[in-house]
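The residues making up each chain are set out below.
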Amino acid sequence: MTLLHVQNMTHYFGGLRAVYNYNLSIEPGEIRGLIGPNGAGKSTIFNLLTGVHTPTEGEATLNGVSLIGKSPHEIAAMGIGRTFQNLRLWRHMSVLEHINMASYAHITYGLVGAFFGTALRQKQEAEIEEKSYHLLQLVGADKFADQNVTNLPYGILRRIEMARALATNPKILFLDEPTAGMNPEELKEMMAIIRHVHSELGVAIFLIEHRMKFVMELCDRVQTLVFGEVIAEGTPDEIQNNPLVIEAYLGKDLDT
Amino acid sequence: MAVKTDSFTAPTKRRLATFWQPYTRVAMLSWLTGALVAAILEQLVGRPLAFMLGLGKVPVLFGLVIILKAPLLIPGVIVYVLLIYILPIGLIARLTTKLGNKLAAELLRYPMLVSTVVHLVLLYATLQIWGNINDYRNLVLRLTLISVLITLSLNVINGYMGEFSCSHPGFLALGAYGASAVTVSLFVNDNLFGPAVFTGNWGWIIFPFSLILGGIIAAIGSLVVAIPSFRTRGDYLAIISLAFTFIIKSFIENLEFVGGPRGLSSQPDWANLPTVFIWVVVGVWVINNFVRSTMGKALNAVRDDEIAADAMTVNTRRTKMVAFMFSAFWAGVGGGLFAHVLRYVNPSTFGIQKLAEVLAMVYFGGLNSVYGSIVGAVGFNLLSEALRPLEIFKWIIIPVLLILIMIFRPTGLVAFKEFDVHQIIAPKE
Ligand SMILES: Nc1ncnc2c1ncn2[C@@H]1O[C@H](COP(=O)(O)OP(=O)(O)O)[C@@H](O)[C@H]1O
Ligand SMILES: [Mg+2]
């Protein structure tokens, strides 16, 4: 059964048509890529599917349940975990606290536990912490657990955001330009981490990327978005050789 | 410039550090014992010593009140503070370092509650004996303890959640009037509510009930600010919350059955030191529990990046609502205690000056920090008493101090520091 299904989604920002007639269908465990020039509407698609914006038109479902009109925390709890193009971290919180926070929806100790520090709370907080450590290990950032996020290098912060998204127990992970601003070394590491996470957790991945090479190596299928419309969809090979895509990227080096 | 001052103060700093080094190994148990001994010592020889030093009477708040009133007495006060407080406490801390650490370790072999209660009993005994000296000191002590609770409750919204809320005087008023209405109507022969309904000694049960009721009324009232906060942040919310404070004030002014602008008086004398102490300890304990849980840390997440919090399954509306109601509840309890300490409140108690006070305590002490709220409340109350002789000028000096703090330490003196009870009561070596 299809995991994530989007039908004829269109979105306007005032008079600006950011996304037009967008369709998508992702199977469990698949890695899907979304490429396109700056301002094409890629991040907007993420925001529409995660409840940040409500699409002007169209339908989207996760495991058959509609996402339209739901708030971001409901959608996150349903199984879409995400990262942000421009990191969104909590600057006064430690790395471990970041990952713990994403288990919010799984807390059942309630206000009584929070106010009076019940045994159930101790137990759950310990479990949450254990899970967080495990996820930090998975992305290779566990040695920073107790540090504040303001002092860490960029590449590490991207990994922390990924671990945080994974802590929501997603069925599908949205990664918005996971390698933006990274040097070639960090880029290689990130690629390995994404592969590792995918094979360990079996989670489906939907990623936005700028660098063709990255998308070509990781993804099962790729969509190309230009001015809010999908102009091509297929396997990495098909996309790379599609004249429309080459034209959209004209003047750009496909390998960067 | 910075380098120059550094190199100038470096030797002094080093000498201070060497001097202080042995004291860093002193367990809280020893410090509290020292404080208790100092309080007992003052009880025994305070009066004659003060007389010998030419002070006339025991300096009430470490001589802070005397500094502006009678500057000539300052040397005497310094000697008094040294002999009664600093030397005995320092001496006992040093002498009992080993013993204190051993005992602290021993206590921690039982559930943590045991050691916590032992520490609290020591603290309470110290305060009780220290506060016995005279009524004024006892009053300042109780008001300061209540200030700690009120400051911490405001810190939940303004510090932990990062909203600039000005609604606290309104919450205090709701709690003060809510609790007073119950106690005065049921237990006092007064002009407003008529003769007392109960005559027996029911205070021990009715007083907690009335404080909780005041807290609940404040919590319900807080929805007026909490609901707009779902969509509004920053300046607009600050204005809404300020309006709330004024609305509550004029609402009570027009409420004849609680005395209108004349206020409500003759509350029963139930807010004695042990009662206030217990309520403040319970309040601080619950608030600290909350802000250290993942559920409470959601406040921080909403403050630092609401969109990210939402995307990480945090129900931001619920978080805001809980924060406001929780904060208002404790403010209401604080207001109820406050009314029963002063045994008189009127609507103008809860105006703009009260707002300036509570904000000053939070921002002076430190955002997002229980330590900060304690430092802020104690520091502000002492300062406020010290400046009392200046009368109206006090309200020039305090804002100026606040501005200086905002410039040089924008988050306050002890901000963003976790209050870990285990760490406090644990042995230090
Ligand atoms: N919240 C918003 N309000 C108005 N316009 C927006 C908003 N978010 C994005 N846009 C516009 O929508 C278009 C697509 O943006 P975006 O999805 O961020 O592009 P991409 O991620 O592909 O670079 C851009 O023209 C951008 O200016
Ligand atoms: Mg983008």
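These numbers come from a predicted model, not from an experiment.

Definitions and limits used
Residues numbered from 1 in each chain as written. Chains lettered and ligands numbered in written order. Predicted model: local features only at pLDDT ≥ 70, side-chain atom pairs only at ≥ 80, totals over all residues. Heavy atoms only, no water. Helix = DSSP H or I, 4+ residues; strand = E, 2+ residues; numbered from the N terminus. Rg over C-alpha atoms; globule rule 2.2 N^0.38 Å. Buried < 20%, exposed > 50% of the residue type's maximum accessible area, 1.4 Å probe, protein only. Contact = heavy atoms within 4.5 Å. Areas by Shrake-Rupley, 256 points an atom, 1.4 Å probe, with all protein chains shown as cover. Lys, Arg positive; Asp, Glu negative; His and termini not counted. Charge placed at Lys NZ, Arg CZ, Asp CG, Glu CD. Donors = N, O, S within 2.8 Å, 3.2 Å for Na, K, Ca; no water. Pairing = 2+ DSSP bridges. Axes fitted to C-alpha atoms, helices over the stretch in contact; angles between N-to-C directions. Core = buried A, V, L, I, M, F, W, Y, C linked by side-chain atoms within 4.5 Å. Domains from an automatic or database assignment. Near = heavy atom within 4 Å. Polar contact = N/O pair within 3.5 Å; in protein donor to acceptor, adjacent residues only side chain to side chain. Nonpolar A, V, L, I, M, F, W, Y, C, P; charged D, E, K, R; others polar. Buried area = accessible area lost by both parts, 1.4 Å probe. Patch = residues over 30% accessible without salt bridge, like charges linked within 9 Å, V, L, I, M, F, W, Y side chains within 5 Å. Salt bridge = Lys/Arg side-chain N within 4 Å of Asp/Glu carboxyl O. Phe/Tyr/Trp six-rings, centres within 6.5 Å; stacked < 30°, edge-to-face > 60°.

**Some thoughts on the overall build of chain A**
- Of the regular secondary structure elements, chain A holds ten helices and ten strands.
- Expected size for 256 residues packed as a compact globule is a radius of gyration near 18 Å; at 19 Å, chain A falls within 12% of this value.
- In terms of principal-axis extent, the alpha carbons of chain A reach across some 60 × 40 × 35 Å.
- Within the span of chain A, comprising 256 residues, buried residues form 53% of the whole.
- Taking the intrachain contacts of chain A between residues at least 6 apart in sequence as the baseline, contacts between residues at least 24 apart amount to 68%.
- On chain A, roughly 10900 Å² of surface is accessible, and the fraction owed to carbon and sulfur atoms is 51%.
- The positive charge centre, built from 21 side chains, and the negative charge centre, built from 29, are 4 Å apart in chain A.

**Examining the coordination of the magnesium ion (ligand 2)**
Residue and element names in this part refer to chain A.
- Within the protein, Ser-43 (OG) and Gln-85 (OE1) serve as the donor atoms for the magnesium ion (ligand 2), at 2.0 to 2.1 Å. A residue pair is termed long-range when its members are at least 10 positions apart, and Ser-43 in helix α1 (residues 42–49) and Gln-85 in the loop between β6 (80–82) and α3 (95–101) qualify at 42 residues.
- By relative accessible area, which is 26% here, Gln-85 ends up partly exposed.

**A short note on the sheet that holds strand β4 (residues 57–62) of chain A**
All names here are of chain A.
- Read from one edge of the open sheet, four strands run β2-β1-β4-β5, paired in antiparallel fashion. The sheet is open, and its two edges are formed by β2 (16–26) and β5 (65–66), each paired on a single side.
- Against the sheet, α1 makes contact with β1 (4–13), β2 and β4, and its axis sits at roughly 115° relative to β1, the strand it touches most.

**Here's the deal with the nonpolar core**
- Counting residues in each nonpolar core, the largest one holds 166 residues, and the members touching the most others are Ile-160 of chain A together with Trp-330 of chain B.
- Here this core spans two domains, since at least three of its residues come from each of domain 1 (2–111) and domain 2 (135–425) of chain B.
- Met-9, Ala-18, Ile-75 and Ile-80 of chain A belong to the second-largest nonpolar core, a separate cluster that totals 27 residues.

**Points about the sheet that holds strand β3 (residues 31–35) of chain A**
Residues and elements named next belong to chain A.
- Judged by pairing direction, the sheet is mixed, and its six strands sit side by side in the order β6-β7-β8-β3-β9-β10 without closing on themselves. Every interior strand has two partners, whereas the edge strands, β6 and β10 (229–234), have only one. Strand-to-strand twist of the sheet, defined as the mean angle between neighbouring strand axes without regard to direction, takes the value 20°.
- Pairing between β3 and strand β9 (residues 221–226): four bridges, direction parallel. By the bridge assignment, Gly-33 is partnered in β9 with Val-222.
- In the packing of α1 onto the sheet, the strands contacted are β3, β6, β7 (172–176), β8 (204–208) and β9, and the crossing angle to β8 comes to about 140°.

**Observations regarding the site of ligand 1**
Residue and element names in this part refer to chain A.
- Gly-39, Gly-41, Lys-42, Ser-43 and Thr-44 are the nearest of the 13 residues found near ligand 1.
- One of the backbone N or O atoms of Gly-39 is found 2.8 Å from an oxygen atom in ligand 1.
- Contact distances for ligand 1 include 3.2 Å between an oxygen atom and a backbone N or O atom of Ala-40.
- Surface burial for ligand 1 is 61%, taken as the share of its 560 Å² of free accessible area covered by protein chains.
- Sorting the residues of the shell around ligand 1 by element identifies β2 and α1 as the ones contributing at least two each.
- The element that contributes the greatest number of residues to the shell around ligand 1 is α1, accounting for three residues.
- Residues belonging to the shell around ligand 1 are distributed by class as follows: five nonpolar, seven polar and one charged.

**Some details on the pairing of β4 of chain A**
Residue and element names in this part refer to chain A.
- Inspection of the sheet shows β1 paired to β4 by five bridges, in the antiparallel sense. Bridging across to β4, Thr-10 finds its partner in Glu-57.
- Pairing between β4 and β5: two bridges, direction antiparallel. Residue pairing across strands places Thr-61 opposite Ser-66, the latter belonging to β5.
- The antiparallel pairing of β4 with β5 creates a hairpin that spans two residues between the two strands, and Asn-63 there sits at a positive phi of about 50°.

**Let's talk about the side chain of Arg-164 of chain A**
- Its place among the elements puts Arg-164 of chain A in helix α6 (residues 154–166).
- Polar contacts involving the side chain of Arg-164 of chain A include one to the main-chain carbonyl oxygen of Arg-88 of chain A, which spans 2.7 Å.
- Once residues within four sequence positions are removed from consideration, Arg-164 of chain A is found in contact with Phe-84, Arg-88, Leu-89, Trp-90, His-98, Ile-99 and Ala-102 of chain A together with Ala-308 and Met-312 of chain B.

**Thoughts on the domain arrangement of chain B**
Residues and elements named next belong to chain B.
- Looking at the assigned domains, one finds that chain B contains domain 1 (2–111) and domain 2 (135–425).
- Placing the centre of domain 1 and that of domain 2 at their C-alpha centroids yields a distance of 31 Å.
- With 13 residues of domain 1 at the interface, the matching set in domain 2 holds twelve residues.
- Summed over both sides, the interface of domain 1 with domain 2 buries roughly 1100 Å², with 75% coming from carbon and sulfur.
- Among the residues domain 1 hides against domain 2, the three largest losses belong to Val-60, Leu-61 and Leu-68. Together they make up 42% of the total.
- The tally of links between domain 1 and domain 2 comes to four residue pairs in polar contact (both at pLDDT 80 or more).
- Considering each element in turn, the side of domain 1 that touches domain 2 owes the most residues, four residues, to helix α3 (residues 64–69).
- Class assignment for the residues of the side of domain 1 that touches domain 2 results in eleven nonpolar, no polar and two charged.

**Here's the deal with a nonpolar patch on the surface**
- On the surface, Ile-392, Phe-393, Ile-396, Ile-397, Val-400, Leu-401, Ile-403, Leu-404, Ile-407 and Phe-408 of chain B cluster together into a nonpolar patch covering about 1000 Å² of accessible area.
- Along the polypeptide, Ile-396 of chain B turns up in helix α18 (residues 394–408).

**Observations concerning the side chain of Ser-180 of chain B**
Residue and element names in this part refer to chain B.
- Along the chain, the position of Ser-180 falls in helix α8 (residues 168–187).
- For Ser-180, a relative accessible area of 0% gives the class buried.
- Setting aside anything within four residues of it in sequence, one finds Ser-180 in contact with Ser-185, Leu-264, Gln-267, Ala-339 and His-340.

**Re the interface of chain B and chain A**
- Residue-level contacts link 31 residues of chain B with 31 residues of chain A.
- When the area that chain B buries against chain A is broken down by residue, the three leading residues are Thr-294, Met-312 and Thr-313 of chain B, summing to 26%.
- Counting every contact that joins chain B to chain A gives two salt bridges.
- Taken together, the links from chain B to chain A amount to 15 residue pairs in polar contact (both at pLDDT 80 or more).
- Only α12 (273–292), α13 (294–304), α14 (306–311) and α15 (316–342) of chain B provide two or more residues apiece to the side of chain B that touches chain A.
- When residues of the side of chain B that touches chain A are assigned to their parent elements, the largest contribution, eight residues, is made by α13 of chain B.
- Of the residues contributing to the side of chain B that touches chain A, the split by class is 15 nonpolar, eight polar and eight charged.

**A short note on the packing of aromatic side chains**
All names here are of chain B.
- Taken as a whole, this structure holds 23 aromatic pairs over all chains when the rule is applied.
- Ring geometry for Trp-20 versus Tyr-23: centroids 5.1 Å apart, planes at 20°, classification stacked.
- Classification of Trp-20 by relative accessible area gives partly exposed; the value is 44%.
- Considering the side-chain rings of Phe-338 and Phe-350, the 6.3 Å spacing of their centres and the 65° angle between planes classify their relative orientation as edge-to-face. One end of the pair, Phe-338, is in helix α15; the other, Phe-350, is in the loop between β2 (344–345) and α16 (352–365), with twelve residues separating them in the sequence. There is no split in this pair, since Phe-338 and Phe-350 are both buried.

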